[in-house]
Amino acid sequence: MSASSISQLPKLSERVRNSMERAGAGAKVWAEVTELSRQPNIVADLGQGFPDFDGDSAALQACRDVLQPSDGDRVKARRHQYSLVQGSARLRGSLAAWLATSYPPSAAAGHFPRAVDADQELLVCTSGTEALYCAVMALLDAGDTALVFEPSFPWYAPQIGLAEARVASVRLDYPAFRLPDEQALRAVFERERPKLVIVNSPHNPSGHVASADELRTVGRLCLEFNCYCISDEVYEKYVFDGHCHQRLVDVVPELWPRTLTVGSASKLFSLTGWRVGWLYGPADLVAACRSIHGNASYCAPTPLQEAVAAALDQAAALPHGDPADVPPMRQRFVDNARKLAAALAATFGVTSSLPHGGYFLVCDVSPTGLTDTEFCSALAKDRGVIAIPLRVFYPSSDPPTNLVRFSICKTPELIDRAVAAMTRPI
Ligand code: PMP
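Thresholds applied
- Residues numbered from 1 in each chain as written.
- Predicted model: local features only at pLDDT ≥ 70, side-chain atom pairs only at ≥ 80, totals over all residues.
- Heavy atoms only, no water.
- Helix = DSSP H or I, 4+ residues; strand = E, 2+ residues; numbered from the N terminus.
- Buried < 20%, exposed > 50% of the residue type's maximum accessible area, 1.4 Å probe, protein only.
- Contact = heavy atoms within 4.5 Å.
- Lys, Arg positive; Asp, Glu negative; His and termini not counted.
- Charge placed at Lys NZ, Arg CZ, Asp CG, Glu CD.
- Expected span 1.5 Å × (residues − 1).
- Arc of directions from axis to C-beta.
- Salt bridge = Lys/Arg side-chain N within 4 Å of Asp/Glu carboxyl O.
- Pairing = 2+ DSSP bridges.
- Axes fitted to C-alpha atoms, helices over the stretch in contact; angles between N-to-C directions.
- Near = heavy atom within 4 Å.
- Polar contact = N/O pair within 3.5 Å; in protein donor to acceptor, adjacent residues only side chain to side chain.
- Areas by Shrake-Rupley, 256 points an atom, 1.4 Å probe, with all protein chains shown as cover.
- Phe/Tyr/Trp six-rings, centres within 6.5 Å; stacked < 30°, edge-to-face > 60°.
- Lys NZ or Arg CZ within 6 Å of the ring centre and 35° of its normal.
- Right-handed = clockwise from strand over helix to strand, strands pointing away.

Participant: Describe the overall build of the protein, and please don't skip the residues or the numbers.
Facilitator: Counting secondary structure elements, the protein contains 16 helices and 13 strands. On the principal axes, the C-alpha backbone points of the protein span a range of 60 × 60 × 50 Å. Counting every position in the protein, which comprises 426 residues, the buried fraction comes to 52%. Put simply, 76% of the contacts in the protein that link residues at least 6 apart link residues at least 24 apart. Seen as two clouds, the 40 positive and the 46 negative side-chain charges of the protein have centres 3 Å apart.

Participant: Could you give me a rundown of helix H16 (residues 412-423), with the residues and numbers involved?
Facilitator: End to end, H16 covers 16 Å across twelve residues, agreeing with the expected 16 Å (1.5 Å per residue, within 8%). Within H16, the full set of buried residues consists of Leu 414, Ile 415, Ala 418, Val 419, Ala 421 and Met 422. Taken down its axis, H16 places every buried residue within 165° of arc, on the same side.

Participant: Lay out the pattern of salt bridges in plain terms, naming residues and giving numbers.
Facilitator: In this structure the tally under the stated criterion is 19 salt bridges. Across the salt bridge formed by Glu 32 and Lys 28, the nearest N and O atoms sit 3.4 Å from each other. Residue Glu 32 and its partner Lys 28 are both found in helix H2 (residues 14-37); the two are separated by four residues, about one turn of the helix. Assessed through its relative accessible area of 40%, Glu 32 is described here as partly exposed. One salt-bridge network, held together by shared partners, links Glu 182, Arg 186, Arg 220 and Glu 224.

Participant: Lay out the sheet that holds strand E8 (residues 277-280) in plain terms, naming residues and giving numbers.
Facilitator: Read across the open sheet, the seven strands follow the order E2-E8-E7-E6-E5-E3-E4; overall the sheet is mixed. In the strand order of this sheet, the two ends are held by strand E2 (122-125) and strand E4 (166-171), each with one partner. Taken over all neighbouring pairs, the strand axes of this sheet differ in orientation by 20° on average, direction set aside. Note that strand E6 (residues 228-232) and strand E7 (residues 259-264) share four bridges and pair parallel. Among the inter-strand pairings, Cys 229 is bridged to a residue of E7, identified as Thr 259.

Participant: An account of the sheet that holds strand E10 (residues 360-364) is needed here, citing residue identities and associated values.
Facilitator: Strands in a sheet are paired, the pairing made by backbone hydrogen bonds, and the direction either parallel or antiparallel. Here we have four strands laid out as an open sheet, ordered E9-E10-E13-E12, and antiparallel in their pairing. Every other strand in the sheet has two partners, leaving strand E9 (351-353) and strand E12 (388-389) as the edge strands with one partner each. Note that E10 and strand E13 (residues 403-407) share five bridges and pair antiparallel. When the bridges of E13 are listed, Leu 361 appears paired with Phe 406. With respect to the sheet, helix H14 (residues 329-348) is in contact with E9, E10 and E13, its orientation differing from that of E10 by roughly 20°.

Participant: Now, about the site of the ligand: what can you tell me, with residues and values included?
Facilitator: What surrounds the ligand is a group of 14 residues, the closest being Thr 129, Asp 232, Tyr 235, Ser 264 and Ser 266. A distance of 2.5 Å separates an oxygen atom of the ligand from a polar side-chain atom of Thr 129. Considered on its own, the ligand offers 390 Å² of accessible surface; in the complex 93% of this is hidden by protein. Mapped by element, the contributors of at least two residues to the shell around the ligand are helix H6 (128-139) and helix H11 (265-268).

Participant: Let's hear about unusual backbone geometry: which residues, and what values?
Facilitator: With omega at 5°, the peptide bond leading from Glu 150 into Pro 151 counts as cis. Relative to the assigned elements, Pro 151 resides in the loop between strand E3 (145-150) and helix H7 (156-162). Here Ser 127, not a glycine, exhibits a phi torsion of approximately 105°, which is positive. Assignment of secondary structure puts Ser 127 in the loop between E2 and H6. We classify Ser 127 as buried; its relative accessible area is 3%.

Participant: Quick one: what's the story with the packing of aromatic side chains, residue by residue and with numbers?
Facilitator: Tallying each qualifying case throughout the model produces 15 aromatic pairs. Aromatic ring contacts, followed pair by pair, group Phe 53, Tyr 235, Tyr 238, Phe 333, Tyr 359 and Phe 360 into a single cluster. Looking at Arg 114, its charged tip hangs above the ring of Trp 256, at a distance of 4.7 Å from the centre. Above the plane of the ring of Phe 360 lies Arg 405, whose end atom (NZ or CZ) is 3.5 Å from the centre.

Participant: Before we move on, could you go through the pairing of E6 and cite the residues and values that matter?
Facilitator: Within a regular strand, the side chains alternate between the two sheet faces. Counting buried residues in E6 gives four out of five residues, a clear majority hidden from the surface. Note: strand E5 (residues 196-200) against E6, five bridges, orientation parallel. From the neighbouring strand, Val 197 faces E6, where its bridge partner is Cys 229. Handedness of the crossover joining E5 and E6 through helix H9 (residues 212-224) is recorded here as right-handed.

Participant: Describe H9, listing the residues and the values that go with them.
Facilitator: Its 13 residues give H9 an end-to-end C-alpha distance of 18 Å, which sits within 8% of 18 Å, the value for a rise of 1.5 Å per residue. Buried residues belonging to H9 abut E3, helix H8 (182-192), E5, E6 and helix H10 (248-251). In the segment just after H9, Asn 226 is the residue with positive phi, at about 55°.

Participant: Mind laying out the pairing of E4, listing which residues take part and the relevant values?
Facilitator: Here E3 pairs with E4 via six bridges, running parallel. Bridged to Phe 149 within E4 is Val 170. In the classification by handedness, the crossover that spans E3, the intervening H7 and the parallel E4 is right-handed.

Written as structure tokens, this is what we have:
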């Protein structure tokens, strides 16, 4: 086929072309960071948020068991085939039980927290990212507006764009990254008239954990302005130093009929490559998401669903409030953040916002006189350490250019290597 006949092919979807165009600047920065992280001088990749240690041991053991030959056992053999679109009954049951342990149901029937119905109110997806995609596609039409708080997980805005909806963003300020007060937020709701609001706590990238008051403010406005909510709670178990994660639907129970809550085994069990995530909410919204998920990937990998169920069962068996009901990495992440912040201050004079939760540390590099991209590039070239310029987390066109994100979801050894590289005289 000649080049000229290729150029006569029909155009790609306009929706997708627009989305690729909008991704432009952020995608370029990500590509540059990825390229830098492949260079031979790199000693510590603290860019993308994935652990450099094994995932949950119960999940790994269950996975090994599932992968054993079935020896003719038809039930075992079935575990390598499609699950139901909504996820395996085993995983949905385990998820519902784990949610009930993590957020004990209220004694008063119908009140929150209440048990999630494993058949009608839960959908297992091929990752938290896909759960978000299904929710965005199910809730938005072309021309609608979705409100996000920036900095934000960089997948929200492109997903909203693929739904041909508009992103309205509200800035959260360094160092606290608190949600705005009622007066400021009301003005945004009045101006933007969003149909959907995406809330993320514990927050990527800042590590801010929203208080009940902050969540109540957002919740009240969502009710008053008749919005849907997506509550992205993938870091729900990663809260530090006495901070407490509260589910949006527990703080504002009236939000339940209009809220989809997203979770993921990626973060819960340090299994980012398994691509098992979920969402839950009222049956009608979950059914709408199921129709998107069924057409996108049909179902999450069945053997991995089984293994995640085993990890959830083990976590749910612990009495609520048991100190072991905690990913053991929590303290490790706190220590990592402190070590990195100290090294950054000692070497470059930069200040950091110590996270209250999540997988990341954000620092302000202005004292170096460099921008975020210049700092990250110099850090990679001179010290062999990869970090991410925070501008990729801002969907608006005027992001701050002085903030940088480091992953803290790493082994102490890797963090020590990063600290040694950063503090060594050059
Ligand atoms: N939400 C947030 C805030 C995230 O940071 C991530 C992953 N980094 C996700 C959702 C999606 O996680 P996954 O697709 O790995 O389940």
